Amino acid sequence: MEDKILRKLFLGFIQIHILHHAKEHPVFGSWMVEELKEHGYSISSGTLYPILHSMESDGLLHQEKKNVDGRIRKYYTATEKGISVLEEARKKAYELFKEIKD
């Protein structure tokens, strides 16, 4: 039960993290999995890709396919809507952090 609650909570953090990096530069799945690992999130590509697709469907990310070493790699960048959502999420996260930091 507790794991399920934490997973739901962390999903929002992961989405904010994705938007942050997708605003800075195009990201792709395996890079994002490794980046999230560095921040303590254990997430598989089988979990990440549906999140990316959902964020794309919601208009937060734009996907571009590129040929890399003979394979098609999907790169994601933040859309204007995604950037706007990220800015709002940052404000809310900052307010929350100030309240719970002690």
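Scroll up to find the structure.
Report follows, based on the coordinates.

What counts as what
Residues numbered from 1 in each chain as written. Predicted model: local features only at pLDDT ≥ 70, side-chain atom pairs only at ≥ 80, totals over all residues. Heavy atoms only, no water. Patch = residues over 30% accessible without salt bridge, like charges linked within 9 Å, V, L, I, M, F, W, Y side chains within 5 Å. Areas by Shrake-Rupley, 256 points an atom, 1.4 Å probe, with all protein chains shown as cover. Salt bridge = Lys/Arg side-chain N within 4 Å of Asp/Glu carboxyl O. Helix = DSSP H or I, 4+ residues; strand = E, 2+ residues; numbered from the N terminus. Buried < 20%, exposed > 50% of the residue type's maximum accessible area, 1.4 Å probe, protein only. Axes fitted to C-alpha atoms, helices over the stretch in contact; angles between N-to-C directions. Parallel < 35°, antiparallel > 145°, perpendicular 65-115°, else oblique. Left-handed = near helix turned anticlockwise from the far one by under 90°. Contact = heavy atoms within 4.5 Å. Nonpolar A, V, L, I, M, F, W, Y, C, P; charged D, E, K, R; others polar.

1. A closer look at a nonpolar patch on the surface
Part 1 of the argument: A cluster of nonpolar residues, Leu6, Leu9, Phe10, Phe13 and Ile16, forms a patch on the protein surface that exposes about 390 Å² of accessible area.
Part 2 of the argument: Along the chain, Ile16 falls in helix 1 (residues 2-24).

2. Comments concerning the pattern of salt bridges
Part 1 of the argument: Evaluation of the coordinates by the stated rule reveals 3 salt bridges.
Part 2 of the argument: Where Lys92 meets Glu88, a salt bridge forms, and the shortest distance between an N and an O atom there is 3.8 Å. Highlighted residues: Lys92 and Glu88, both in helix 4 (residues 80-100), separated by 4 residues, approximately one helical turn.
Part 3 of the argument: The class of Lys92 is exposed, set by a relative accessible area of 56%.
Part 4 of the argument: According to the relative accessible area criterion, Glu88 is partly exposed, its value standing at 39%.
Part 5 of the argument: Residues Glu95 and Lys98 are paired through a salt bridge, measuring 3.2 Å at the closest nitrogen-oxygen approach. Here Glu95 and its partner Lys98 are both found in helix 4, 3 residues apart, which amounts to about one turn of the helix.
Part 6 of the argument: Note on Lys98: relative accessible area 39%, which makes it partly exposed.

3. Considerations on the packing of helix 1 against helix 2 (residues 29-38)
Part 1 of the argument: Helix 2 packs onto helix 1 with a crossing angle of 120° between their chain directions and a minimal axis gap of 11 Å. Classified by the angle between their axes, helix 1 and helix 2 sit oblique to one another. Classified by chirality, the crossing of helix 2 by helix 1 is right-handed. Of the residues in helix 2, those touching helix 1 at Ile14, His17, Ile18 and His21 are Trp31, Met32, Glu35 and Leu36.
Part 2 of the argument: For the contact of helix 1 with helix 2, a count of residues per class yields 5 nonpolar, 2 polar and 1 charged.

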